[in-house]
Amino acid sequence: MAKQVWTATGRRKRSSAQVRLVGGTGNITVNGIDVNEYFPNKILVMDLKQPLVTTDNENRFDIDVTVKGGGYSGQAGAIRLGIARALLKFDANTDQSREDSYRKMLKASGFLTRDARVKERKKYGLKKARRAPQFSKR
């Protein structure tokens with residue numbers, strides 16, 4: 001019998017992550033590389049593991065991620081949202097009104113909210129999105 005797989009998509013800034021959750025021992029691979037080797041900063045790894053820690057599933061799933069676009073921070077945020085959404089699909093059959101349902105735990109921690117902040121576009125006549133050229137009176 002084939003193992004059951006739960007998939008979800010997460011996005012943040014310019015990054016998009018496809019997350020696959022499979023029953024396992026807690027291995028996380030990002031684009032074929034171990035998560036600790038892929039991300040240069042351990043804080044980013046802690047950040048993307050937060051939904052697993054909140055639901056107490058750190059060593060229950062193997063996670064395979066394909067992430068594109070953006071930088072490391074945006075990619076970590078996209079993976080975190082993808083993991084949270086995949087955990088919801090895993091927990092879909094349980095009663096959502098219970099206090100220990102994954103939806104209530106993840107929602108209370110803010111892991112199900114898509115962070116919509118993206119870089120503002122540059123406007124003509126300005127140096128950046130809002131930065132104007134230096135004004136000279138004389």
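All values reported here derive from a predicted model rather than from experimental measurement.

Chemist: Explain the packing of helix α3 (residues 72–90) against helix α4 (residues 102–109) to me, using residue names and the numbers behind them.
Modeler: Close contact between α3 and α4 brings their axes to 9 Å; oriented N to C, the two are set at 160°. As the angle between them shows, α3 and α4 are arranged roughly antiparallel. You can see that α3 and α4 cross each other, and the crossing is left-handed. For the pair α3 and α4, the contacting residues are Ala84, Leu87, Leu88 and Phe90 in the first and Tyr102, Arg103 and Leu106 in the second. Residues of the contact of α3 with α4, tallied by class, amount to six nonpolar, no polar and one charged.

Chemist: Could you give an account of the pattern of salt bridges, with specific residues and numbers?
Modeler: Opposite charge on two side chains lets them pair, provided their charged atoms get close. In total, this model carries six salt bridges according to the counting rule given. Here Arg20 and Asp64 are joined by a salt bridge, their closest N and O atoms 3.7 Å apart. In this pair, Arg20 sits in strand β2 (residues 15–23) while Asp64 sits in strand β5 (residues 61–68), placing the two residues 44 residues apart along the sequence. Note on Arg20: relative accessible area 37%, which makes it partly exposed.

Chemist: Which residues make up the sheet that holds strand β1 (residues 5–12), and what values go with them?
Modeler: Sheet architecture is open: five strands sit in the order β1-β2-β5-β3-β4, paired in mixed fashion. Strands with a single pairing partner mark the edges of an open sheet, and in this sheet they are β1 and β4 (33–34). Judged from the eight bridges that link them, β1 and β2 form a sheet pairing that is antiparallel. Paired with Arg11 across the strands is Ser16, a residue of β2. Strand contacts of α3: β1, β2, β3 (28–30) and β5, with the helix running at about 145° to β1, the strand carrying the most contacts.

Rules used in this analysis
- Residues numbered from 1 in each chain as written.
- Predicted model: local features only at pLDDT ≥ 70, side-chain atom pairs only at ≥ 80, totals over all residues.
- Heavy atoms only, no water.
- Axes fitted to C-alpha atoms, helices over the stretch in contact; angles between N-to-C directions.
- Helix = DSSP H or I, 4+ residues; strand = E, 2+ residues; numbered from the N terminus.
- Parallel < 35°, antiparallel > 145°, perpendicular 65-115°, else oblique.
- Left-handed = near helix turned anticlockwise from the far one by under 90°.
- Contact = heavy atoms within 4.5 Å.
- Nonpolar A, V, L, I, M, F, W, Y, C, P; charged D, E, K, R; others polar.
- Salt bridge = Lys/Arg side-chain N within 4 Å of Asp/Glu carboxyl O.
- Buried < 20%, exposed > 50% of the residue type's maximum accessible area, 1.4 Å probe, protein only.
- Pairing = 2+ DSSP bridges.

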